[in-house]
Amino acid sequence: MEDTQSVSTLLDSTTSKIQQLQKAFAELESHRAVTLNLKWKQLEEHFHGLEKSLKRRFTELDDQEKEYETKTVEARAILEKREAAVKAKEQASLDRLQEKRDAAVSAIANARQKHGKVFVEPDVITSEDQGGAPFVEEKPPDVMVSESNIEDMKNHLGTENVEVKSYPQLVKLCQEMDSEGLHKFISDNRKNLAAVREEIPIALKAAANPAALVLDSLRGFYSVEVSILDGKKDSNLLGLRRTCIMLMECLGVLLENLNLDSVSNVISGDVKGRAKAIAEEWKPMLDDLDVDASNGNSLEAHAFLQLLATFGIDSDFNHEDLSKLIPTVSRRRQTADLCRSLGLSEKMPGVIDVLVSNGRQIDAVNLAFAFELTEQFSPVTLLKSYLTEARKASSPVKSGNSSPTAQNEVNDRELTALKAVMKCVEDHKLEEQYPLDPLQKRVLQLEKAKADKKRATEVAKPQPKRPRANGVGFVPRVTSVAADKNLYARYPPYMYDRQYAYAGPTDNHMPSLLGAATYNLAPAHGNYFGNGYQYQAPYLH
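Residues numbered from 1 in each chain as written. Predicted model: local features only at pLDDT ≥ 70, side-chain atom pairs only at ≥ 80, totals over all residues. Heavy atoms only, no water.

### A look at the overall build of the protein
When its secondary structure is counted, the protein shows 23 helices and four strands. Looking at the protein as a whole, 34% of its 541 residues are labelled buried. Sequence separation of 24 or more characterises 69% of the internal contacts of the protein that already satisfy a separation of 6 or more. Taken as a whole, the protein presents about 33,500 Å² of accessible surface, with 53% of it coming from carbon and sulfur. (Helix = DSSP H or I, 4+ residues; strand = E, 2+ residues; numbered from the N terminus. Buried < 20%, exposed > 50% of the residue type's maximum accessible area, 1.4 Å probe, protein only. Contact = heavy atoms within 4.5 Å. Areas by Shrake-Rupley, 256 points an atom, 1.4 Å probe, with all protein chains shown as cover.)

### Brief notes about helix α7 (residues 179-188)
Extensive coverage of α7 is indicated by the burial of seven of its ten residues. In the core, the buried residues of α7 are packed alongside α6 (168-175), α8 (193-204), α9 (210-217) and α11 (235-256). Where α7 begins, one side-chain oxygen reaches toward the backbone nitrogen of Glu180, 3.4 Å away; that side chain belongs to Asp178. (Polar contact = N/O pair within 3.5 Å; in protein donor to acceptor, adjacent residues only side chain to side chain.)

### Some words on the side chain of Thr335
Looking at the secondary structure, you find Thr335 in helix α17 (residues 335-341). Not counting chain neighbours up to four residues away, the residues in contact with Thr335 comprise Ile326, Val329, Ser330 and Leu367.

### Considering the side chain of Ser330
Positionally, Ser330 belongs in the loop between α16 (319-323) and α17. Polar contacts involving the side chain of Ser330 include one to the side chain of Asp363, which spans 2.9 Å.

### Quick word on the packing of helix α18 (residues 348-357) against helix α19 (residues 361-370)
At a minimum axis distance of 7 Å, the contact between α18 and α19 shows a crossing angle of 160 degrees. Between α18 and α19, the crossing angle belongs to the class labelled roughly antiparallel. Crossing of α18 over α19 shows left-handed handedness. On α19, the residues touching Val351, Ile352, Leu355 and Val356 of α18 are Gln361, Asp363, Ala364, Leu367 and Ala368. (Axes fitted to C-alpha atoms, helices over the stretch in contact; angles between N-to-C directions. Parallel < 35°, antiparallel > 145°, perpendicular 65-115°, else oblique. Left-handed = near helix turned anticlockwise from the far one by under 90°.)

### Some words on the packing of aromatic side chains
For the coordinates displayed, the defined rule picks out five aromatic pairs. Ring geometry for Tyr167 versus Phe185: centroids 5.7 Å apart, planes at 80 degrees, classification edge-to-face. Taken together, the positions of Tyr167 in the loop between α5 (149-157) and α6 and Phe185 in helix α7 put the pair 18 residues apart, joining distant regions of the chain. Between Phe221 and Tyr222 the ring centres are 5.2 Å apart and the planes differ by 65 degrees, which places this aromatic pair in the edge-to-face class. Pair check on accessibility: Phe221 and Tyr222 agree, each one buried. If you follow Arg241 out to its NZ or CZ, it ends over the ring of Phe221, 5.1 Å from the centre. Sitting above the plane of the Tyr434 ring, Lys384 keeps its charged end 5.6 Å from the centroid. (Phe/Tyr/Trp six-rings, centres within 6.5 Å; stacked < 30°, edge-to-face > 60°. Lys NZ or Arg CZ within 6 Å of the ring centre and 35° of its normal.)

### A few points about α8
A rise of 1.5 Å per residue sets the reference length of α8, with its twelve residues, at 16 Å; its end C-alpha atoms lie 16 Å apart and thus fit the reference within 8%. Of the positions making up α8, those classed as buried are Leu193, Val196, Glu199, Ile200, Pro201, Ala203 and Leu204. Along its buried surface, α8 packs onto α6, α7, α9 and α11. (Expected span 1.5 Å × (residues − 1).)

### Some thoughts on the state of the cysteines
One pass over the structure, following the stated rule, counts zero disulfides. You can see Cys250 has no disulfide; the closest cysteine sulfur is in Cys174, sitting 9.8 Å from it. (Disulfide = S-S within 2.5 Å.)

### Remarks on unusual backbone geometry
One non-glycine residue, Glu372, adopts positive backbone phi at about 55 degrees. Within the secondary structure, Glu372 is located in the loop between α19 and α20 (379-394). With a phi angle near 55 degrees, Lys429 is a residue other than glycine that sits in the positive phi range. In this fold, Lys429 is placed in the loop between α21 (404-427) and α22 (437-460).

### Here's the deal with the pattern of salt bridges
The full count for this structure, using the stated rule, is 20 salt bridges. Note that Glu447 is salt-bridged to Lys419, the shortest N-O span being 3.1 Å. Here Glu447 is found in helix α22, whereas its partner Lys419 is found in helix α21, with 28 residues between them in sequence. Each member of the pair Glu447 and Lys419 is classed as buried. Here the residues in one salt-bridge network are Asp216, Arg219 and Arg274, joined through shared partners. (Salt bridge = Lys/Arg side-chain N within 4 Å of Asp/Glu carboxyl O.)

### Side note on the nonpolar core
Ranked by internal contacts, the top residues of the largest apolar core, which has 93 residues, are Phe304, Leu307 and Phe311. Counting residues per element, this core draws most heavily on α11, at ten residues. If near-sequence neighbours (up to four positions away) are discounted, Phe311 is found in contact with Ala211, Val214, Leu215, Leu251, Ile267, Val271, Lys272 and Ala275. (Core = buried A, V, L, I, M, F, W, Y, C linked by side-chain atoms within 4.5 Å.)

### Remarks on the environment of Leu338
Its location among the elements puts Leu338 in helix α17. When its relative accessible area of 5% is taken as the criterion, Leu338 is described as buried. Along the primary structure Leu338 and Leu308 are separated by 30 residues, whereas in three dimensions their C-alpha atoms are 9.3 Å apart.

### What about the confidence of the model for the protein?
On average, the protein scores 75 in pLDDT, and the residues at 70 or more come to 67%. The secondary structure element of the protein with the lowest average pLDDT is helix α4 (residues 141-147), at 37, and the one with the highest is α9, at 95. A low-confidence stretch, residues 117-154 stays under pLDDT 50, and its non-local contacts, those more than four residues away or across chains, total 37 contacts. Confidence drops under a pLDDT of 50 for residues 478-541, and excluding neighbours within four residues, the segment shows 157 contacts in the predicted structure. (pLDDT = per-residue confidence, 0-100.)

### Comments concerning the environment of Ser298
Note on placement: Ser298 falls in the loop between α14 (291-294) and α15 (299-311). In this structure the C-alpha to C-alpha distance between Ser298 and Leu325, which are 27 residues apart in sequence, comes to 9.4 Å. When residues no more than four places from it in sequence are discounted, the contact partners of Ser298 are Leu289, Thr328 and Val329. There is a polar contact of 3.2 Å between the side chain of Ser298 and the side chain of Glu300.

### Focus: the environment of Val380
Checked against the element boundaries, Val380 lands in helix α20. Each C-alpha atom of the pair Val380 and Val365 lies 8.7 Å from the other, and the pair is 15 residues apart in sequence. The residues touching Val380, leaving out its near neighbours within four places in the chain, are Gln433 and Tyr434.

In structure tokens form, the structure reads like this:
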């Protein structure tokens, strides 16, 4: 700054220097003996030109310095914000860790109190040497512990406080380790599935071995009588598979609320061995899995990955092979959590590339947000490319297939793509980067055209003949023009400005909203199980 001020002072004094030079030049001319070729005007113009050039250069340098200072201030502000965000995340992590530590300490203290009570209680036995008279004998602590392993597990799970609000029968089924009855109960209560799902983790505490109960429930996941292709159409089998996935998820919820000692008691070595055997039996079944046909919603792949995550046996399998299964479940709402549980976060850029190359940009956007990869994969760019490809695929109807039905299918495909993009923009709050007004106008235009065609088709249908009053023969119906006008006046006009309702995909396990379009392009299976069992909503787009 001192150098800048000194340069500015020198530039300001240029005028006085030029005046002094003019006086000296005049004095020189008065004493000259020979006429000089230079005129004062020329010298003055020369020096003024130098002055202007220097001032212009000085102004440019001053502007550049101010711009640099502005950028420096902005960069510091950004760094401070990021530093504050990092500190906030660290503090939140520390708070969560402290909560877990407090919970663990409390659980250990409770367990010690319970064990202390067990060791004090004596057993009453009968001795034949004393004529059958009863006497008291305290067993050694190690013997008592070995005889009460199941009781220890129940103590860790807190089974003495197992209460469910609405379905006490769940507790009874878990106490009896009745996996088939559990399947049937869930199917019978499919209309209240959300409430049942909330109470299953609580009811599992009542089981002597919750993990073994869940593994027992996996029987019949791959039915011997049903082939792989037929299994995708067998609604009963689909219902059973969704129930299996839900029970594994509920066991995972139970494990999340336990401390490490309790988790090791529930997921014992024997349980892990059984789970690994099931996984090795299922894995070859996935070799014939059609990635395109599954459309990112494969129950088979989801169940396999959920089995590995819930029972902690993913280390026994190749993570590269597991990452190749992610595109088959990319539309499931549990996908991001599954990937984190299985340690596949580093594989996500490759998975997103695969999704983009297969025209599933919306799935790619959802995963990019879930794993904070939006700088590497621009959401707006992906959504625009998705719409462009959808319009190319559905734009010109072939000249030989320009029937109204074909045109309707084209419009429906574009309408589905538009609503899918709009839903994704709203979910991730991208309205500023990707305005929805043009998309909404196009949706209204397509819906209006669809409604017009539907009404025109209905009007063109021939009217049925009415029978005579005496029931013999038919006579044509004769009505006046005024009567026809009154007939149509009874029906309200079609409403084009109705609000949009975005439903889940057709493979969703909950009923879709009325009048709403779904976003998947190729449904893998229906909305309901064969037994009518509805399931939780998948990862919506």
